[in-house]
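Reading the structure
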Amino acid sequence: MSLSLRHYTIAISLLVAQMLQIMPMPILVDPYRPDWVLLVLGYWTLALPQRVNVGVAFLNGLVLDILLGTALGIHSLALSLVVFILAANYQRLRNYSVWQQAFMIGLLAALYHLVIFWLQHLLTDIYFLFDYLWPVLTTMLFWPWSFMILRKARRQLKVS
């Protein structure tokens with residue numbers, strides 16, 4: 001059981017993140033929903049950049065586009081850009097404390113949301129609202145906990 005679970009840990013964690021991303025929430029809490037897929041992809045990119053890379057981010061973005069009903073490629077481009085930046089700087093970011101990493105994840109989440117807004121603005125002519133950036137704050141606040149949970153799972157299952 002542990003051997004098969006070890007091989008699918010990354011896929012299972014990304015599947016859980018996709019489910020959390022589309023899970024219905026109360027209307028008052030929904031604008032603050034963290035970017036679960038970004039958090040999980042960010043962790044695995046920092047931990048195992050040879051296994052989770054831009055291609056994995058692109059595919060997860062396509063799935064997210066389908067699940068959320070957005071134009072195909074919006075989330076793919078944004079996630080690919082963020083994961084590319086993480087993969088290019090993973091050695092430096094690994095040496096930061098968890099709170100410094102949370103700040104960097106917050107900056108990357110802001111980039112992610114601004115790319116999504118920019119692409120949706122080009123396609124559908126929406127206008128910017130400050131509420132689009134609330135998930136940046138919650139993503140940054142959830143980073144330490146998601147980091148600890150995923151690191152514990154990676155170490156217990158010996159994922160490499």
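Residues numbered from 1 in each chain as written. Predicted model: local features only at pLDDT ≥ 70, side-chain atom pairs only at ≥ 80, totals over all residues. Heavy atoms only, no water.

As annotated in an unreviewed UniProt entry, the chain carries the name Rod shape-determining protein MreD and comes from Bowmanella denitrificans. In its Sequence similarities (unreviewed entry) section, the UniProt record describing the chain reads: "Belongs to the MreD family." Looking at the chain in UniProt, the text filed under Function (unreviewed entry) is "Involved in formation of the rod shape of the cell. May also contribute to regulation of formation of penicillin-binding proteins." (UniProt positions renumbered as here; feature names shortened; annotations may be inferred.)

UniProt records the feature "transmembrane region" (unreviewed entry) at residues 6–29, 66–90, 102–120 and 132–150, using the numbering of this structure. The annotated region residues 6–29 carries 67% helix and 0% strand content, and the separation between its end C-alpha atoms amounts to 34 Å. Within the segment residues 102–120, helix and strand shares are 100% and 0% respectively, and the terminal C-alpha atoms sit 26 Å apart. (Helix = DSSP H or I, 4+ residues; strand = E, 2+ residues; numbered from the N terminus.)

Moving on, we get to the pattern of salt bridges. One pass over the full model with this rule turns up 1 salt bridge. In this structure, R33 and D30 form a salt bridge, with 2.6 Å as the shortest nitrogen-oxygen distance. On the basis of relative accessible area, D30 is assigned to the partly exposed category, the value being 35%. (Salt bridge = Lys/Arg side-chain N within 4 Å of Asp/Glu carboxyl O. Buried < 20%, exposed > 50% of the residue type's maximum accessible area, 1.4 Å probe, protein only.)

This brings us to the packing of aromatic side chains. Evaluated as defined, the whole model comprises 9 aromatic pairs. Centre to centre, the rings of Y43 and W44 are 5.1 Å apart; their planes meet at 75°, and the pair counts as edge-to-face. W44 shares its class with Y43; the two are buried. Grouped by ring-pair contacts, the aromatic residues Y43, W44, W143 and F147 constitute a single cluster. (Phe/Tyr/Trp six-rings, centres within 6.5 Å; stacked < 30°, edge-to-face > 60°.)

What follows covers the packing of helix α3 (residues 36–47) against helix α5 (residues 74–88). Where α3 meets α5, the closest approach of the two axes is 9 Å, and the angle between their N-to-C directions is 30°. One finds that α3 runs roughly parallel with respect to α5. At the point where α3 passes α5, the crossing takes the right-handed sense. Contacts between α3 and α5 pair V37, L38, L41, G42, T45 and L46 from the former with L79, V82, V83, L86 and A87 from the latter. Tallied by class, residues from the contact of α3 with α5 come to 9 nonpolar, 2 polar and no charged. (Axes fitted to C-alpha atoms, helices over the stretch in contact; angles between N-to-C directions. Parallel < 35°, antiparallel > 145°, perpendicular 65-115°, else oblique. Left-handed = near helix turned anticlockwise from the far one by under 90°. Contact = heavy atoms within 4.5 Å. Nonpolar A, V, L, I, M, F, W, Y, C, P; charged D, E, K, R; others polar.)

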